[in-house]
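Overview (structure and organization)
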Amino acid sequence: GAKRMVETHRPTILHSSSPSFLMAVSIALSWLYRLPLMLSYHTHLPVYAREYLRPINWFGWLERAAWAFIRWQHNQADLTLTTSPQLAQELREN
């Protein structure tokens, strides 16, 4: 798996796309091997929660949960890249 790949290839940095359920693996490997972690924020999950899951997003709880999940992930990173300055600003604000 991922651990074997890190041990075999000995990277100097880890990169992962976010949000993703594989983020936990990236964060753990970064910590375990003391490697810098670079994340790329691509998918606007909170907007999806707000716009497409309205029937279950009572009082915005799902959108807030998505931001909390993303905030936790990106607080683990050494560097976060975004696809636009506007997305970077929104990420900083949330």
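Report follows, based on the coordinates. (Residues numbered from 1 in each chain as written. Predicted model: local features only at pLDDT ≥ 70, side-chain atom pairs only at ≥ 80, totals over all residues. Heavy atoms only, no water.)

Note on placement: Ser-16 falls in strand S1 (residues 14–18). Its relative accessible area of 8% is what places Ser-16 among the buried residues. With sequence-adjacent residues up to four places away left out, Ser-16 is seen in contact with Met-23, Ser-26, Met-38, Leu-39 and Ser-40. (Helix = DSSP H or I, 4+ residues; strand = E, 2+ residues; numbered from the N terminus. Buried < 20%, exposed > 50% of the residue type's maximum accessible area, 1.4 Å probe, protein only. Contact = heavy atoms within 4.5 Å.)

Once that is clear, we can look at the packing of helix H1 (residues 2–9) against helix H2 (residues 23–33). Closest axis-to-axis distance for the H1/H2 pair is 11 Å, and the angle between their directions is 40°. It follows from the interaxial angle that H1 and H2 lie oblique. With respect to the hand of their crossing, H1 and H2 are arranged in right-handed fashion. Residues Ala-2, Lys-3, Val-6 and Glu-7 of H1 form the contact with H2, whose own contacting residues are Val-25, Leu-29, Leu-32 and Tyr-33. Split into classes, the residues belonging to the contact of H1 with H2 amount to 6 nonpolar, no polar and 2 charged. (Axes fitted to C-alpha atoms, helices over the stretch in contact; angles between N-to-C directions. Parallel < 35°, antiparallel > 145°, perpendicular 65-115°, else oblique. Left-handed = near helix turned anticlockwise from the far one by under 90°. Nonpolar A, V, L, I, M, F, W, Y, C, P; charged D, E, K, R; others polar.)

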